[in-house]
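Single-letter residue listing:
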Amino acid sequence: MKNSHCYTRCLLTLLIVLVSFPAFSQQKPNITILATGGTIAGAAGSGAQSGYTSGQVTIDAMINAVPDVLNLADISGEQISNVGSQDMSFDIMLKLAHRIEELASNQEADGVVITHGTDTMEETAYFLNLVVKADIPVVLVGSMRPSTAISADGPLNLYNAVAVAADPNARGLGVLLVMNDWIHSAQTLTKVSTTAVQTFMSPLRGLIGTTAYGVNDFYRTPDQRFGKSSEFSVSGVTELPRVDIIYGSADMSADLITAAVELGAKGIVVAGVGNGNMNKASLEACAEASKKGVVVVRSTRVATGTVGRNVETDDDALGLIASYNLNPQKSRVLLSVALLEQRGLDEMQRIFVEY
Ligand code: ASP
């Protein structure tokens with residue numbers, strides 16, 4: 001009697017184990033594609049023309065163009081927006097963040113792919129990396145050539161993105177971006193070419209991995225804070241504070257810094273020269289802004305390298321923050337999110353070191 005009890009229990013356990021592993025049960029992961037627009041959904045009059053319009057093709061048409069993705073996962077698509085990412089807004093980013101949390105908590109998706117224009121993809125990716133707590137893979141993907149172009153890069157990119165989102169090894173790596181066979185962390189990637197297909201690079205820390213026709217190879221885990229280990233949340237948030245970016249140059253005018261303060265900016269990021277430097281007049285305007293409670297971050301217009309604290313600028317005396325790893329556009333995202341709560345300058349500087 002005892003033995004038959006144990007036998008039934010063992011059989012039941014084995015069954016539960018088998019159905020919970022897709023490989024045994026033949027169950028495919030559920031991947032939701034959230035479409036926002038971009039060149040990947042762009043269309044032109046002919047295959048060889050350079051002019052085109054972003055955000056013309058619907059998510060259903062994009063999935064139909066890559067029927068092979070259905071071998072990787074059960075796919076469902078949702079159209080969140082259909083814009084060129086030059087029109088991406090915090091409003092759409094918040095919609096994405098809230099929808100991903102919902103999909104994960106309702107266990108509707110094992111992974112999420114976001115189709116997005118490449119122009120501001122790094123901002124959306126980094127924003128989601130900071131605020132999404134769900135630990136399902138979230139993968140952004142785009143293309144440099146519109147869907148109608150000769151050798152359009154969108155279909156293979158989409159296929160690879162689904163393969164990464166469906167891969168259990170992609171869990172816990174934060175928000176990722178897949179383009180042209182490379183897997184980047186949201187924290188490190190940046191767009192480096194206006195036209196080249198290999199437009200995304202991760203200059204300081206390198207790739208998270210590679211993917212080739214859906215076969216993924218992961219090299220490393222991100223070392224900055226993100227997702228569950230992030231202190232930021234946008235639960236219930238509908239709007240972000242205004243943060244302006246001011247571009248530095250030789251003989252730059254300080255007026256735009258003062259104007260940003262007058263126009264109500266709560267934060268300013270200066271894309272400084274070199275190690276986040278700027279001329280004396282601009283430093284004075286930044287110090288004035290800081291005295292008025294506006295948080296001023298020194299980032300750099302230089303493509304790679306970090307901006308350190310108190311190197312050529314006396315940040316302590318002037319009340320400024322150094323951006324460390326973050327370029328101006330990512331500094332703006334981090335500052336906007338950090339400004340959702342009242343924080344002192346020391347706290348702000350810690351945040352720029354840790355994220
Ligand atoms: N302007 C386009 C966009 O960001 C460029 C692209 O997607 O590659 O939507």
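Before any of the text, the structure's been laid out above.
Residues numbered from 1 in each chain as written. Predicted model: local features only at pLDDT ≥ 70, side-chain atom pairs only at ≥ 80, totals over all residues. Heavy atoms only, no water.

1. Some details on the packing of helix H6 (residues 121–131) against helix H11 (residues 328–338)
To describe two helices that pack against each other, one gives the angle between their axes and the distance between the axes.
Consideration 1: Running from N to C, H6 and H11 point in directions that differ by 35°, and their axes come no closer than 9 Å. Once H6 is placed against H11, the crossing between them reads as right-handed. From H6, Glu122, Glu123, Tyr126, Phe127, Leu130 and Val131 reach across to H11, where they touch Gln329, Lys330, Val333, Leu334 and Val337.
Consideration 2: Within the contact of H6 with H11, the residues separate by chemical class into seven nonpolar, one polar and three charged. (Axes fitted to C-alpha atoms, helices over the stretch in contact; angles between N-to-C directions. Helix = DSSP H or I, 4+ residues; strand = E, 2+ residues; numbered from the N terminus. Left-handed = near helix turned anticlockwise from the far one by under 90°. Contact = heavy atoms within 4.5 Å. Nonpolar A, V, L, I, M, F, W, Y, C, P; charged D, E, K, R; others polar.)

2. Thoughts on the site of the ligand
Consideration 1: Contacts to the ligand come from Gly38, Thr39, Tyr52, Ser54, Gly84, Ser85, Gln86, Gly117, Thr118, Asp119, Ser143 and Met144.
Consideration 2: Ser143 is positioned such that a nitrogen or oxygen atom in its backbone is 3.1 Å from an oxygen atom of the ligand.
Consideration 3: Protein chains shield 94% of the accessible area of the ligand, which is 260 Å² for the free molecule.
Consideration 4: Residue classes in the shell around the ligand are distributed as two nonpolar, nine polar and one charged. (Near = heavy atom within 4 Å. Polar contact = N/O pair within 3.5 Å; in protein donor to acceptor, adjacent residues only side chain to side chain. Areas by Shrake-Rupley, 256 points an atom, 1.4 Å probe, with all protein chains shown as cover.)

3. Observations concerning the nonpolar core
Consideration 1: Membership of the largest hydrophobic core comes to 55 residues, with the highest contact counts inside it found for Phe127 and Leu128.
Consideration 2: Listing elements by their share of this core, those giving two or more residues are helix H5 (90–105), strand S3 (111–115), H6, strand S4 (138–141), strand S5 (176–179), strand S13 (295–300), H11 and helix H12 (345–354).
Consideration 3: A per-element tally of this core places H5 first, with nine residues.
Consideration 4: Contacts of Phe127, omitting those with residues within four sequence positions, involve Phe90, Met93, Leu94, Ala97, Val234, Leu240, Val333 and Val337.
Consideration 5: Within the second largest apolar cluster, 28 residues are counted, among which are Ile63, Val164, Leu173 and Val178. (Core = buried A, V, L, I, M, F, W, Y, C linked by side-chain atoms within 4.5 Å. Buried < 20%, exposed > 50% of the residue type's maximum accessible area, 1.4 Å probe, protein only.)

4. Quick look at the packing of H5 against H6
Consideration 1: Contact geometry for H5 and H6: axes closest at 10 Å, N-to-C directions at 45°. As summarised for this structure, H5 and H6 are arranged oblique, according to the angle between their axes. Like other packed secondary-structure pairs, H5 and H6 cross with a definite hand, here right-handed. Taken together, the residues of H6 that come into contact with H5 (itself represented by Phe90, Met93, Leu94, Leu96, Ala97, Ile100 and Glu101) are Glu123, Thr124, Phe127, Leu128 and Val131. (Parallel < 35°, antiparallel > 145°, perpendicular 65-115°, else oblique.)

5. Description of the pairing of S3
Consideration 1: Counting buried residues in S3 gives five out of five residues, a clear majority hidden from the surface.
Consideration 2: Here S3 shows a buried face lined by Gly111, Val113 and Thr115 and a second buried face lined by Val112 and Ile114.
Consideration 3: Judged from the five bridges that link them, strand S1 (residues 30–37) and S3 form a sheet pairing that is parallel. Of the residues in S3, the one forming a bridge with Ile33 is Val113.
Consideration 4: Pairing of S3 with S4 involves four bridges; the strand directions are parallel. Looking at the pairing, Val113 lines up with Val139 of S4. (Pairing = 2+ DSSP bridges.)

6. Things to note about the sheet that holds S1
Consideration 1: Here eight strands make up an open sheet; going across it, the order is S2-S1-S3-S4-S5-S6-S9-S10 and the pairing mixed. Edge positions in the sheet fall to strand S2 (74–83) and strand S10 (215–218), since each of these pairs with one other strand and no more. When the angles between neighbouring strand axes are averaged without regard to direction, this sheet yields 25°.
Consideration 2: Sheet contacts for H5: S1, S2, S3 and S4; angle to S2, the most-contacted strand, approximately 160°.
Consideration 3: Along the sheet, helix H7 (residues 154–165) makes contact with S1, S2, S3, S4, S5, strand S6 (182–185), strand S9 (209–212) and S10, crossing S3 at roughly 155°.

7. Considerations on the environment of Gly209
Consideration 1: Residue position: Gly209 is located in strand S9.
Consideration 2: Looking at Gly209, the relative accessible area reads 0%, which means it is buried.
Consideration 3: The contacts of Gly209, once residues within four sequence positions are left out, are Trp182, Ile183, Asp217, Phe218 and Tyr219.

8. Side note on the environment of Tyr126
Consideration 1: With respect to the helices, strands and loops of the structure, Tyr126 is situated in helix H6.
Consideration 2: Note: C-alpha distance between Tyr126 and Thr188 (62 residues apart in sequence) is 8.7 Å.
Consideration 3: Here Tyr126 is in contact with Ala186, Gln187, Leu326, Lys330, Val333, Leu334 and Tyr355, once residues within four sequence places are set aside.
Consideration 4: Reaching out from Tyr126, the side chain makes a polar contact with the backbone oxygen of Tyr355 at a distance of 2.6 Å.

9. Side note on the pairing of S13
Consideration 1: Counted residue by residue, S13 has six buried out of six residues, so it is predominantly covered.
Consideration 2: Looking at chain direction, strand S12 (residues 267–272) and S13 are connected through six bridges and run parallel. Paired with Gly272 across the two strands is Thr300, which belongs to S13.
Consideration 3: Considered for its hand, the β-α-β crossover made up of S12, helix H9 (residues 280–291) and S13 is right-handed. (Right-handed = clockwise from strand over helix to strand, strands pointing away.)

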